[in-house]
Amino acid sequence: MEDLILKLKKEIIGILNREDITPEDIDAEAPLFGDGLGLDSIDALEFIVLLEETYGIKIEDPKKGRKIFYSVKTMADYIQEHQKN
Amino acid sequence: MELFITRYIQLKNRRVILNGIVEYVSEEQSVSKFLGSVYGHSNIDYSKFFKMDNLSKLGFLSVELLLQGTDILQKYPGEEIGIILSNASSSLESDEKHQNFIRDRNNYFPRPSIFVYTLPNIMAGEIAIRHRIKGENTVFISEQFDPGFLYHYVSELFWNRRVHCCIPGWIDCYGDGYESFLFIAERGDRIKRFQDLPEGIPFDPLNLEKLFKGESI
């Protein structure tokens with residue numbers, strides 16, 4: 001799980017194109033959207049693409065994204081759960 | 001109605017040049033690293049900057065540094081300020097990146113963060129959002145900087161009272177090449193004092209061409 005969380009943090013940094021932050025700067029349990037990283041709806045779409053392209057998980061209902069992408073931890077949980085199935 | 005250029009800026013050849021004076025020289029050769037170094041040097045805190053494509057970054061930084069230290073945003077309501085930009089390369093760099101992500105039907109993963117920058121108007125939009133500028137907002141594509149066209153278009157906006165202040169210029173970025181030239185145009189009767197250019201520069205095509213080329217007036 002820790003490896004997956006670290007991998008996700010690196011991928012999020014890549015999506016955000018932020019060379020100035022490190023995985024350690026991202027709290028795995030903190031909300032991803034809101035003030036912190038300045039994420040917006042386009043980033044949510046990027047996360048949907050990330051899950052499909054990298055992890056082979058397709059989110060059919062975008063409304064579920066709010067829960068799935070709440071934090072790095074919730075993303076990791078979702079990936080782990082759906083890759084098992 | 002007399003129009004004046006009250007401040008101008010250029011970002012090119014690793015330099016930030018304000019009113020003809022070199023303010024900052026970066027060691028960075030690549031476009032993205034140069035833009036990153038200007039951002040870091042300028043004490044700007046705007047996390048969305050990092051998500052922009054290079055064209056929008058260049059436009060964003062040019063306006064940011066052009067307006068820094070001025071009272072333009074206090075003096076004019078957002079509805080009275082226009083942004084009239086032009087360039088040769090449109091958003092071609094982002095267009096090509098997007099095409100690379102969609103050309104293989106078996107590996108078809110368009111990236112939303114790239115797709116949103118496949119219009120040069122997005123650059124103008126980023127600037128407008130940042131500074132709450134709500135006036136005329138346009139990007140024209142031409143092979144070269146066209147001072148005559150820009151002069152006539154911007155003058156028309158002033159004469160029709162569509163704007164009382166305008167930020168026009170040239171923002172071009174493609175591959176290794178980048179160049180920006182932006183200025184503030186204001187009506188003579190609305191200028192209380194020329195902060196940086198004591199006598200102001202009359203807004204006309206000849207002066208625009210000279211400033212663009214870095215020649216003195």
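Structure: see above.
Residues numbered from 1 in each chain as written. Chains lettered and ligands numbered in written order. Predicted model: local features only at pLDDT ≥ 70, side-chain atom pairs only at ≥ 80, totals over all residues. Heavy atoms only, no water.

Trainee: How should I be thinking about the overall build of chain B in this particular structure?
Mentor: Across its full length, chain B carries eight helices and eight strands. Against the 2.2 N^0.38 benchmark of 17 Å for 217 residues, chain B shows a C-alpha radius of gyration of 17 Å, consistent with a compact globule. Taking the principal axes of its C-alpha atoms as reference, chain B extends roughly 60 × 40 × 30 Å. For chain B, the residues scored as buried account for 53% of the 217 residues in total. Taking the intrachain contacts of chain B between residues at least 6 apart in sequence as the baseline, contacts between residues at least 24 apart amount to 67%. Of the roughly 10,400 Å² of accessible surface on chain B, a fraction of 47% belongs to carbon and sulfur atoms. Looking at chain B, you have 24 positive and 29 negative side-chain charges, and the mean spots of the two groups are 5 Å apart. (Helix = DSSP H or I, 4+ residues; strand = E, 2+ residues; numbered from the N terminus. Rg over C-alpha atoms; globule rule 2.2 N^0.38 Å. Buried < 20%, exposed > 50% of the residue type's maximum accessible area, 1.4 Å probe, protein only. Contact = heavy atoms within 4.5 Å. Areas by Shrake-Rupley, 256 points an atom, 1.4 Å probe, with all protein chains shown as cover. Lys, Arg positive; Asp, Glu negative; His and termini not counted. Charge placed at Lys NZ, Arg CZ, Asp CG, Glu CD.)

Trainee: Honestly, the environment of A:Leu8 in this entry has me stumped. Any pointers?
Mentor: Residue and element names in this part refer to chain A. Topologically, Leu-8 is positioned in helix H1 (residues 2–16). Separated by 15 residues in the primary sequence, Leu-8 and Pro-23 have C-alpha atoms spaced 8.9 Å apart. When sequence neighbours within four positions are dropped, the list of residues in contact with Leu-8 reads Leu-50, Tyr-55, Val-72, Met-75, Ala-76 and Ile-79.

Trainee: Would you mind going over the interface of chain B and chain A with me for this structure?
Mentor: How large an interface is tends to be reported as the accessible area lost when its parts come together. Between chain B and chain A, the residue contacts involve twelve residues of the former and 16 residues of the latter. Overall, the association of chain B and chain A removes approximately 1,200 Å² of surface from exposure, summing both partners, and the carbon and sulfur fraction of that is 55%. When residues of chain B are sorted by the area they lose upon contact with chain A, B:Phe50, B:Lys51 and B:Phe109 head the list and together hold 47% of the total. In this assembly, chain B and chain A are joined by four salt bridges. Residue B:Arg111 is joined to A:Glu53 by a salt bridge in which the shortest nitrogen-to-oxygen separation is 3.6 Å. (Buried area = accessible area lost by both parts, 1.4 Å probe. Salt bridge = Lys/Arg side-chain N within 4 Å of Asp/Glu carboxyl O.)

Trainee: Explanation requested: helix H4 (residues 92–102) of chain B in the structure shown.
Mentor: Residue and element names in this part refer to chain B. Among the residues of H4, Glu-93, Ser-94 and His-98 are the ones counted as buried. For H4, the angular spread of buried residues about the axis comes to 135°, placing them on one side. Looking at the buried positions of H4, the neighbouring elements they touch are helix H2 (54–67), helix H5 (112–115) and strand E6 (165–174). (Arc of directions from axis to C-beta.)

Trainee: Would you take a moment to explain the packing of aromatic side chains for this structure?
Mentor: Geometrically, a pair of aromatic rings is defined through the distance of the ring centres and the angle of the planes. Inspection of the entire model under this criterion finds 20 aromatic pairs over all chains. Pairing A:Phe47 with A:Phe69 gives two aromatic rings, centres 5.4 Å apart and planes at 55°, and the pair type is tilted. Note that A:Phe47 is positioned in helix H2 (residues 41–55) and A:Phe69 in the loop between helix H3 (65–68) and helix H4 (72–84), a separation of 22 residues in sequence. For the pair A:Phe47 and A:Phe69, a shared accessibility class is recorded, and that class is buried. An aromatic cluster is built from B:Tyr8, B:Phe145, B:Tyr151, B:Trp170, B:Phe181, B:Phe183, B:Phe203 and B:Phe212, whose rings are joined through pairwise contacts. Against the face of B:Phe49 rests B:Lys57, its NZ or CZ located 5.2 Å from the ring centre. Over the ring of B:Tyr108 we find B:Arg105; its NZ or CZ atom is 4.4 Å from the centre of that ring. (Phe/Tyr/Trp six-rings, centres within 6.5 Å; stacked < 30°, edge-to-face > 60°. Lys NZ or Arg CZ within 6 Å of the ring centre and 35° of its normal.)

Trainee: Just to check I follow, could you spell out the pattern of salt bridges for this structure?
Mentor: Between side chains of opposite charge, a pair can form when the charged atoms approach closely. One pass over the structure, following the stated rule, counts 15 salt bridges over all chains. Here B:Lys48 makes a salt bridge to B:Glu126, at a shortest N to O gap of 3.2 Å. Here B:Lys48, found in the loop between helix H1 (31–41) and H2, pairs with B:Glu126, found in helix H6 (residues 121–131); they are 78 residues apart in sequence, far enough to count as distant. Salt bridges sharing partners connect three or more residues here, namely A:Asp40, A:Asp43 and B:Lys51.

Trainee: When you look at the nonpolar core in this model, what are you seeing that I'm missing?
Mentor: For soluble globular proteins, nonpolar side chains are generally found buried alongside one another. In this structure, B:Ile9, B:Leu11, B:Val38, B:Leu61, B:Leu85, B:Ile167 and B:Leu182 are the most contacted members of the largest nonpolar core, which totals 42 residues. Where this core is concerned, the elements lending two or more residues are strand E1 (3–12), strand E2 (15–18), H1, H2, strand E4 (81–87), H6, E6 and strand E7 (177–187) of chain B. Of the residues forming this core, the biggest block, eight residues, is contributed by H2(B). Residues contacting B:Ile167, with those up to four places away along its chain left out, are B:Val63, B:Leu66, B:Leu67, B:Ile81, B:Gly82, B:Ile83, B:Ile84, B:Leu85, B:Ile133, B:Leu182 and B:Phe183. Residues A:Leu16, A:Phe47, A:Val72 and A:Ala76 belong to the second largest nonpolar core, which totals 27 residues. (Core = buried A, V, L, I, M, F, W, Y, C linked by side-chain atoms within 4.5 Å.)

Trainee: Looking at this structure, how should I read the pairing of strand E3 (residues 21–25) of chain B?
Mentor: On a regular strand, each side chain points to the face opposite its neighbour's, so the side chains alternate between the two faces of the sheet. All names here are of chain B. In this sheet, E3 lies alongside E2 in antiparallel orientation, the contact comprising four bridges. Across the sheet, the residue bridging to Ile-17 is Val-22, located in E3. Between E2 and E3, which pair antiparallel and follow one another directly, the connecting turn spans two residues, one of which, Asn-19, has a positive phi of 50°. (Pairing = 2+ DSSP bridges.)

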